[in-house]
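Spelled out, the chains give:
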Amino acid sequence: KGRAHVSRPGLARSFPFKPHASHRDARRRTETLGASSLPVGCWRWDGSPLRRSTGHRRKKGALSAHSGPLPPLTAYPPPASLTMLGARVVASSGDGSSCSGSSYLRWAAMGAGAAAAAYLLWPAGKGRSSDILITDFDAFLTERPSVPTGLDNKVKKADKWAATRAGHCGGPFECFLKDDDEGEQGVGRAAAPTAPEARPTAEQARVLVLYGTEYGFSKEIAETLRDKLREAKTYWPVVVNMADHPQGYDFSQEQAVLVTCSTQGDGVPPYESREFCDWLFAGGPGSLSNVAFSVLALGDRSYTHFCKCGKSVDEAMGKLGGRRFVDRVDVNKEDYAAVNAWIDAVSARLPSLALKSFKDLGIDVTATNKHANGHANGHANGHAGPKRWGKARPYPATVTALQGLCRVDSAADKNTVRVELSLGDSGLSYVPGDALGVYPTNPEQMVEELLAAAGGLDGGAAVPVPSHHYAENGADAPAAGATMALREALAKCFDLREPRADRLFSALEAAGADAAKVPHTDDARASYVEGRHVADVLRALLPRGASLAAGSLLAALRPLQPRLYSISSSPLEDAEAVQATIAEVKYSAHGVDRVGICSTLVSERLAIGDIAHVYIHKNPDFRLPASDATPIVMVGPGTGLAPFRAFVKERQLRAAGGGGKSGRMVLYFGCRRSDQDYLYGDDLEAWNKSGDITLFTAFSRQTSKKVYVQDRLSESADLVWDLLNTHDGHFYVCGDAGSMAGAVEQQLLRIFSERLPGGADAAAAYLDKLSQEQRYQRDVWYS
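Conventions adopted
Sequence order as written defines residue numbering, which begins from 1 separately in each chain. Per-residue local features of the predicted model are confined to residues with pLDDT of at least 70, and side-chain atom pairs are confined, for both listing and counting, to 80 or more; whole-chain, interface and lining totals are unaffected and use all residues. Side-chain metrics in this entry use all non-hydrogen atoms of the structure; hydrogen atoms and water are not considered. Going along the chain from the N terminus, every DSSP run of H or I of four or more residues is numbered as a helix, and every run of E of two or more is numbered as a strand. Any two residues whose heavy atoms approach within 4.5 Å at even a single point are treated as in contact. Residue-level accessible areas treat just the shown protein chains as cover; the underlying method is Shrake-Rupley with a 1.4 Å probe. Only protein chains enter the accessibility calculation, which uses a 1.4 Å probe. A residue is then buried if its area is under 20% of the maximum for its type, exposed if over 50%, and partly exposed in between. Aromatic rings from Phe, Tyr and Trp, taking only the six-membered ring of Trp, are treated as a pair when their centres fall within 6.5 Å; an angle between ring planes under 30 degrees marks them as stacked, one over 60 as edge-to-face, and anything in between as tilted. When DSSP finds two or more bridges between two strands, those strands count as paired. In this text, buried Ala, Val, Leu, Ile, Met, Phe, Trp, Tyr and Cys residues form a nonpolar core when linked through side-chain atoms within 4.5 Å. Salt bridges are defined by distance alone: a side-chain nitrogen of Lys or Arg within 4 Å of a carboxyl oxygen of Asp or Glu. Helix axes are fitted to C-alpha atoms over the stretch in contact, other axes to C-alpha atoms as well, and angles between N-to-C directions run from 0 to 180 degrees. Relative orientations are named as follows: roughly parallel for angles under 35 degrees, roughly antiparallel for angles over 145 degrees, roughly perpendicular for angles from 65 to 115 degrees, and oblique for any other angle. Note on convention: the crossing is left-handed when the near helix lies turned anticlockwise from the far helix by less than a right angle, right-handed when the turn is clockwise. Residues are grouped as follows: Ala, Val, Leu, Ile, Met, Phe, Trp, Tyr, Cys and Pro are nonpolar; Asp, Glu, Lys and Arg are charged; all remaining types, including Gly, are polar. The disulfide criterion is simple: two cysteine sulfur atoms within 2.5 Å.

Here we look at the overall build of the protein chain
Helix and strand content of the protein chain: 20 helices and 23 strands. The contacts of the protein chain with a sequence gap of at least 6 include a subset with a gap of at least 24, amounting to 84%. For the protein chain, the exposed area adds up to about 27,700 Å²; of that, 50% sits on carbon and sulfur atoms.

Some thoughts on the side chain of Ser716
With respect to the element layout, Ser716 can be found in the loop between helix H17 (709-715) and helix H18 (717-726). The class of Ser716 is buried, set by a relative accessible area of 7%. Each residue touching Ser716, except ones within four places of it in the same chain, is listed here: Tyr668 and Phe696.

Regarding the packing of aromatic side chains
All told, the structure shown has 21 aromatic pairs when counted by the stated rule. With a centroid separation of 4.2 Å and an interplanar angle of 40 degrees, the aromatic rings of Tyr439 and Tyr470 are classed as tilted. Residue Tyr439 is found in the loop between strand E9 (435-438) and helix H8 (444-453), and its partner Tyr470 is found in the loop between strand E10 (462-464) and strand E11 (483-485); the two are separated by 31 residues along the sequence. The residues Tyr439 and Tyr470 share a single accessibility class, namely buried. With centroids separated by 6.1 Å and ring planes inclined at 40 degrees, the aromatic side chains of Phe622 and Phe644 adopt a geometry described as tilted. In this pair, Phe622 sits in the loop between strand E18 (611-617) and strand E19 (632-635) while Phe644 sits in helix H15 (residues 642-659), placing the two residues 22 residues apart along the sequence. Residue class for Phe622 comes out buried when judged on its relative accessible area of 0%. An aromatic cluster of at least three residues, connected via ring pairs, comprises Tyr249, Phe251, Phe276 and Trp279.

Side note on the pairing of strand E17 (residues 592-595)
Taken together, the four bridges between strand E16 (residues 586-589) and E17 define a ladder with antiparallel strand orientation. Directly across from Ser588, in E17, lies its bridge partner Asp593. Where E16 folds back on E17, the antiparallel hairpin that results is connected by two residues, among which His590 adopts a positive phi of roughly 55 degrees.

Points about the nonpolar core
Counting residues in each nonpolar core, the largest one holds 42 residues, and the members touching the most others are Leu450, Leu490, Phe505, Leu508, Leu538 and Leu557. When contributions to this core are tallied by element, the ones reaching two or more residues are H8, helix H9 (486-492), helix H10 (501-510), helix H11 (522-529), helix H12 (534-541) and helix H13 (550-555). Among all residues touching Leu450, those that are not within four sequence positions of it are Leu490, Leu496, Val534, Ala535, Leu538, Leu553 and Leu557. Core analysis: the second largest hydrophobic core is formed by 30 residues, Val666, Trp721, Ala737 and Met740 among them.

Things to note about the pattern of salt bridges
Under the definition given, this model contains 35 salt bridges. As a salt-bridge pair, Glu509 and Arg525 come within 3.9 Å of each other at their nearest N and O atoms. In this pair, Glu509 sits in helix H10 while Arg525 sits in helix H11, placing the two residues 16 residues apart along the sequence. Overall, the relative accessible area of 25% leaves Glu509 in the partly exposed class. A cluster of three or more residues bridged by salt bridges with shared partners is formed by Arg407, Asp409, Asp413, Arg673 and Asp675.

Topic: the sheet that holds strand E15 (residues 577-583)
Taken in spatial order, the six strands line up as E14-E9-E18-E7-E8-E15 in an open sheet, and their pairing is antiparallel. Every interior strand has two partners, whereas the edge strands, strand E14 (563-566) and E15, have only one. Strand after strand, the sheet turns through a mean of 40 degrees between neighbouring axes, direction not considered. Judged from the six bridges that link them, strand E7 (residues 395-404) and strand E8 (residues 416-422) form a sheet pairing that is antiparallel. Note on E8: the bridge partner recorded for Gly404 is Val417.

Brief notes about H18
Restricting attention to buried positions, one finds in H18 the residues Ala717, Leu719, Val720, Trp721, Leu723 and Leu724. One or two residues past the end of H18 sits Asp728, with phi positive at roughly 55 degrees.

Observations concerning the packing of helix H3 (residues 217-231) against helix H6 (residues 336-349)
The interhelical angle for the contact between H3 and H6, taken along N-to-C directions, is 40 degrees, at an axis separation of 11 Å. Overall, the two elements H3 and H6 adopt an arrangement that is oblique. Between H3 and H6 lies a crossing whose hand is right-handed. When H3 is examined against H6, the residues Phe217, Ile221, Thr224, Leu225, Lys228 and Leu229 are found in contact with a partner set consisting of Tyr336, Val339, Trp342, Ile343, Asp344, Val346 and Ser347. Classifying every residue of the contact of H3 with H6 gives nine nonpolar, two polar and two charged.

Some points on the environment of Ala256
Counting through the fold element by element, Ala256 comes out in strand E3 (residues 256-262). Excluding residues within four positions of it along the chain, Ala256 makes contact with Val207, Leu208, Ala292, Leu350, Leu353 and Leu355.

Details of the sheet that holds E19
Read from one edge of the open sheet, five strands run E21-E20-E19-E22-E23, paired in parallel fashion. The open sheet has two edge strands, strand E21 (694-699) and strand E23 (776-781), and neither has a second partner. The average undirected angle you get between the axes of adjacent strands in this sheet is 10 degrees. In this structure, E19 lies alongside strand E22 (residues 730-736), joined through four bridges in parallel fashion. Across the sheet, Met634 pairs through a bridge with Tyr732, a residue of E22.

What about the packing of H10 against H12?
One way to put it is that H10 packs onto H12 with a least axis distance of 11 Å and a crossing angle of 25 degrees. With respect to H12, the element H10 is oriented roughly parallel. Regarding H10 and H12, the two cross each other, and that crossing is right-handed. Residues Leu504, Phe505 and Leu508 of H10 touch H12, and the partners they reach there are Val534, Val537, Leu538 and Leu541. Here the residues of the contact of H10 with H12 sort into seven nonpolar, no polar and no charged.

Section: the state of the cysteines
The tally for this structure, following the rule as stated, stands at zero disulfides. We note that Cys307 lacks a disulfide partner, and the nearest cysteine sulfur, in Cys261, lies 9.7 Å from it.

Overview of unusual backbone geometry
Unlike most non-glycine residues, Lys233 shows phi in positive territory, near 60 degrees. Residue position: Lys233 is located in the loop between H3 and strand E2 (235-241). According to the relative accessible area criterion, Lys233 is partly exposed, its value standing at 46%. Positive phi outside glycine occurs at Gln774, with the angle close to 60 degrees.

Listed below in structure tokens is the structure:
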């Protein structure tokens, strides 16, 4: 089984898991897009499911640039030899499956895809404000697909469909599809000039639109709401990201606040919004009696803490004196009907609040006034702190070491790589248990295949930089009107495997695809694209001689998401370096060999001195005990070992630095064979021999009877019980959630039930107690 590397730290106990249907489909293994680990089972993005990798047999002859392990640890060359890689600049990371060191995508959710773009939120027939500025991206997506003679009517239908879906827009990426009546501009043509900066009028009233997001869905809703409110011309909505205000926000001048927020993992806020939410929940704003508010909470009903973050925001604002003028709406997954209903409701009720205009408040909108104007595009950061390296602004880290950890003699053998990156003077810091976020790039071959399959599109044509693209090399976000080559956009910005099925098939129908071959229901479309790349779908259904417009193609693609990998180093080794352990993903789907774009970026495309865009993803729910004297039991087969290597190194170096003797550390590690994929085997054996750890190994393919970590746990049950019950030890699990984590938990419950009066019920209560005390923590993912 490959590891969908997105480890979720600290998954609390919540079996059985309820993965998206696609997770249970063994026909394919998709790469993890970023799931985070948390106590509850699966991860979700802002209400949109994140696709997890399902187990697939690695096919003989799978793509690979090398037949054996990478060379041993390589020295970092002098700075003068460093090179920037352009399109390759994004680091490799956990493609959906074997991201070695327990890659985890904490708080994201597992399921089917990335956050939807703002233009997807509007139902057909609804437009956006006509006073929103048009940019080069607006016109860019008006070009028609090139089709054989006689299909003009279908093309016109596609234009109308695109127009009704996009309506008017509030930014370069939102105006993806416009009607011909609004002008047309093809790929490669000169970009339309950017209109003057929009400003409020004195008669308008300011409305704050506040959002917290993990993968962009909440942001898209916030921007769609902004556009809707601007249509009335009565309001000047300003969009604010919670993540930009970790120290809090001044609500004293606000009259109306509209909030949309997702929930991650075990009911926690989106990672980058966590500090803001902690401040809000602690009563940081003081009195909100001047504020009328409404909250749209995003979540997934299959999880225990459905919409918990949004509910907590709603409760906190109410307790602080805020007036709830529209009741909170809880949205299950990507329920656009519910989203639009809330948008309509708050839009209809705002007039009843009789908000004061800028003129009434004595605010001069003609002068520079951050409270009145926010950003030119309706975003405000007047209270934001200094720029920090993070998900939206990843650090360009230099690869300083690559080391193969496995012996690879055949295509059936798994390969795992240790990568080390320099954090330089970035100021980024981490502790054991955190994750490394890495932005991948699509392989050149995959990009060229898609360009050809779409009808021979010009990869050098200029297209607007998507609004979701991260700031490269520490630069600011791209200016309005900034462009990049279509080939570069496909390499860096878009997922070429998981399309927006509705848009893709609609574009194909417009291009003349055989209606009998094109699936028409949501289920049929989801089934058809399952396991197929976008290029596969186009090759199968796009008529010979036809082509898709670049705008139609990009509109059907989801944003390319970063991968998260559990950090496998301690900062005490080197505070300016970080390591991850990444399992290479190679598999077969529909008879075609596939590779994980992040894992193979690390194992095959990155070299010493190359640049990878990374950030630190904090995971406060997967941590060592406060006291080094506390015993710990760690279960981490395969790449699940990654955070435990960091745990052990941290304690060893603390002890060596005079921190006192470490409490007992017991490690259960499993893999196929001791001579093939025994990760860090020499280190583990040496630590066991020195007494630093007590090691139990399970090599499942080495003997006639398969042996797993849960079997070793059973054999040492007395030791586990003594450390947990007598010495208040902590128990950690990292690895596969679909089988291993469940089997380990069941074995743990058996150990408890055999030693507690009350049997199974007492065992379950005891495990719950450990979880509540943060003494039972899990970082798991689906394989």
